[in-house]
Amino acid sequence: MDPRNMRDMRTPLARAMGLGSAKEGVGAWWAERVSAVALVPLALWFAASIIAHTGSDYATFIVWLRTPLAAILMILLLIALFYHTALGLQVVIEDYVHSTTKFAAVIAVRLGCCALATAGVVAILRIALSG
Amino acid sequence: MIIKSSDQVSRATLLKRFPIPRNFGVASESRIERGKAWPAPDGATRTKIFEIYRYNPDSGENPRLDTFDVDLDDCGPMVLDALIWIKNKVDSTLTFRRSCREGICGSCSMNIDGTNWLACTRFISDLATPATIYPLANLRIVKDLVPDLTHLFAQYAAIEPWLKTKTTEPERERLQSARERRKIDGYYECILCFCCTSGCPSHWWNGDRFFGPAVLLQAWRWLTDSRDEAKEERLDNLEDPFRLYRCHTILNCTRTCPKGLNPGKAIAEIKKMMIERRS
Amino acid sequence: MMPSPTITRPRPLSPNIQIYRPQLTSVLSILNRITGIILSGCAVVLVVWLVAAAWGPHAYAPVQAAIASWIGRIVLFGATFAFFLHLCGGIRHLVWDTVHGFELRSIYISGWSIVAASVVLTVAAWVVSALMGG
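In this text the structure is predicted, and so the values were computed from the model without any measurement. (Residues numbered from 1 in each chain as written. Chains lettered and ligands numbered in written order. Predicted model: local features only at pLDDT ≥ 70, side-chain atom pairs only at ≥ 80, totals over all residues. Heavy atoms only, no water.)

A. Inspection of the overall build of chain C at higher detail. What chain C contains, in helices and strands, is four helices and zero strands. Mapped from its N terminus to its C terminus, chain C presents α and β elements in the order α-α-α-α. Computed over C-alpha atoms, the radius of gyration of chain C comes to 23 Å, more than 25% over the 14 Å expected from 2.2 N^0.38 for 134 residues, which places it beyond the range of a compact globule. Each principal axis of the C-alpha distribution contributes one length, and for chain C these read about 80 × 45 × 30 Å. (Helix = DSSP H or I, 4+ residues; strand = E, 2+ residues; numbered from the N terminus. Rg over C-alpha atoms; globule rule 2.2 N^0.38 Å.)

So, in structure tokens, the structure goes:
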């Protein structure tokens, strides 16, 4: 027990145990993996589609996005992408931010991803269902 | 290029350290200052320069980096031999932990040329010029190369590293088949040198709450021991976003283990068991 | 009243990232994180692009022009490399989650493979894109 670095007088064991185990954590880990597995084919499909449409004009692009397959896969891509992004960024914030700002940052990231995903899905639906 | 076992020292390297300032993000009491250049030995033909981290708690000064010239013809082949030579012939205040000198006690773990290893099993001929010796990374320093391992051992105690049973004791041994016994191979051999934990960036940033590879490897050792009857309790105690899930499979641990063990794999096994118990 | 203890100086912390050697393990791991953060930014751009497309050609044109500008192309090239590195790195992580490929030799072989694969895929993507009429 070294007084030189002690912020408090807890025993080392008490400091190591902290507030105890949260008894949860596997859920977020599993969700990140499931969304990753979904993203592998979806993201590759998206990249291939973008490459195939290089140089296309606006009208061609809209026609493609109107096809049911493209619309559905794009929506699935956005859902998987923002779910994975939210989980990943939360882990990054928890790693590096240790003040109470951490909670605000995590909330901001989660809500931001929800908002962006919704905006994207609405945009796709607007394109797919109009005309 | 392709490392086959952890005792291989990387020959070529793009970067010896991350491209950040030497005292980047370092608190004022930890700033390393330029130190003494100790005199070279007389009449020595083969010498090697060692830069060694020094800290004297009684001097009121900051840590510093001292430079020593070691006579290689007068000392044994391992880094520990060089440290003992320096202590005997040049500066008797050089302080470090050591005991078995054969890589089994775990006392002399330190950061040699940027990676954690045991001083007694690292050949001097494998070192760069000049060789740099620091204490184990990210630990409070008692003196010179002696780190304070109190918190690491407290984290070890927190996983209750002993056999926990509920059924009454048998007349003789608790039985275990040969195949069951093999499950703890690669995990029971850990000498608690903490090279892995000290080399884990996640433990650097979250070491107060993240258990680290050494402790988690031991946690797996008890989880996979067929005689143990407290799996549920052990898994409950580990299932925490910090205690277990700060591991992002960086794998510095497996790269640096001086006993060739695989903490990264042990942690992956724990995570797999976590999923298996709820699906 | 208890006498106050002498304030002794706190023990210094031994250096960590300042002196620890960058190795394939730690470098690829931090690159996976950095590319992930870059791709989060790209996700925002993706939504901006989709919303612009949904709102009509007048909104879409400036967004498309920005992407097609020379700065936009450089950023897109970087983003492509980040995408493939994170994709290959992510697959490597998924394999590890099945508790395979943890021997040091496998770690190093898979590590160098994803670097090579990312470079090849990035170049291939841009070559094909150029051939498609970019």
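Read on for the rest.
B. Representation of the interface of chain A and chain C in the model. Contact with chain A, which involves 39 residues of that partner, is made by 34 residues of chain C. With both sides pooled, the region where chain A packs onto chain C buries about 3,000 Å², and carbon together with sulfur makes up 74% of that total. Linking chain A to chain C there are two salt bridges. Residue Asp 97 of chain C is joined to Arg 33 of chain A by a salt bridge in which the shortest nitrogen-to-oxygen separation is 2.7 Å. (Contact = heavy atoms within 4.5 Å. Buried area = accessible area lost by both parts, 1.4 Å probe. Salt bridge = Lys/Arg side-chain N within 4 Å of Asp/Glu carboxyl O.)

C. Local environment of the confidence of the model for chain C. Mean pLDDT over chain C: 92, with 94% of residues reaching 70 or higher. Contacts from residues 1–6 of chain C, a stretch scored under 50 in pLDDT, to residues over four places away or in other chains number zero contacts. (pLDDT = per-residue confidence, 0-100.)

D. Geometry of unusual backbone geometry. Residue and element names in this part refer to chain B. Of note, the amide linkage connecting Thr 129 to Pro 130 takes the cis form, showing an omega dihedral of -5°. Mapped onto the elements, Pro 130 comes out in the loop between β5 (115–118) and β6 (131–134). We note that Asn 138 has phi near 60°; this positive angle belongs to a residue other than glycine. At Phe 194, a position not held by glycine, the phi torsion is positive, near 65°. Judged by relative accessible area, which is 1%, Phe 194 ranks as buried. (Buried < 20%, exposed > 50% of the residue type's maximum accessible area, 1.4 Å probe, protein only.)

E. Highlighting the state of the cysteines. Within this structure, the stated rule accounts for zero disulfides over all chains. Free cysteine Cys 105 of chain B: the closest other cysteine sulfur is in Cys 100 of chain B, separated by 3.6 Å. The structure places no disulfide on Cys 88 of chain C, whose sulfur is separated from the nearest cysteine sulfur, that of Cys 42 of chain C, by 16 Å. Among the residues examined, Cys 88 of chain C registers a relative accessible area of 12% and is labelled buried. (Disulfide = S-S within 2.5 Å.)

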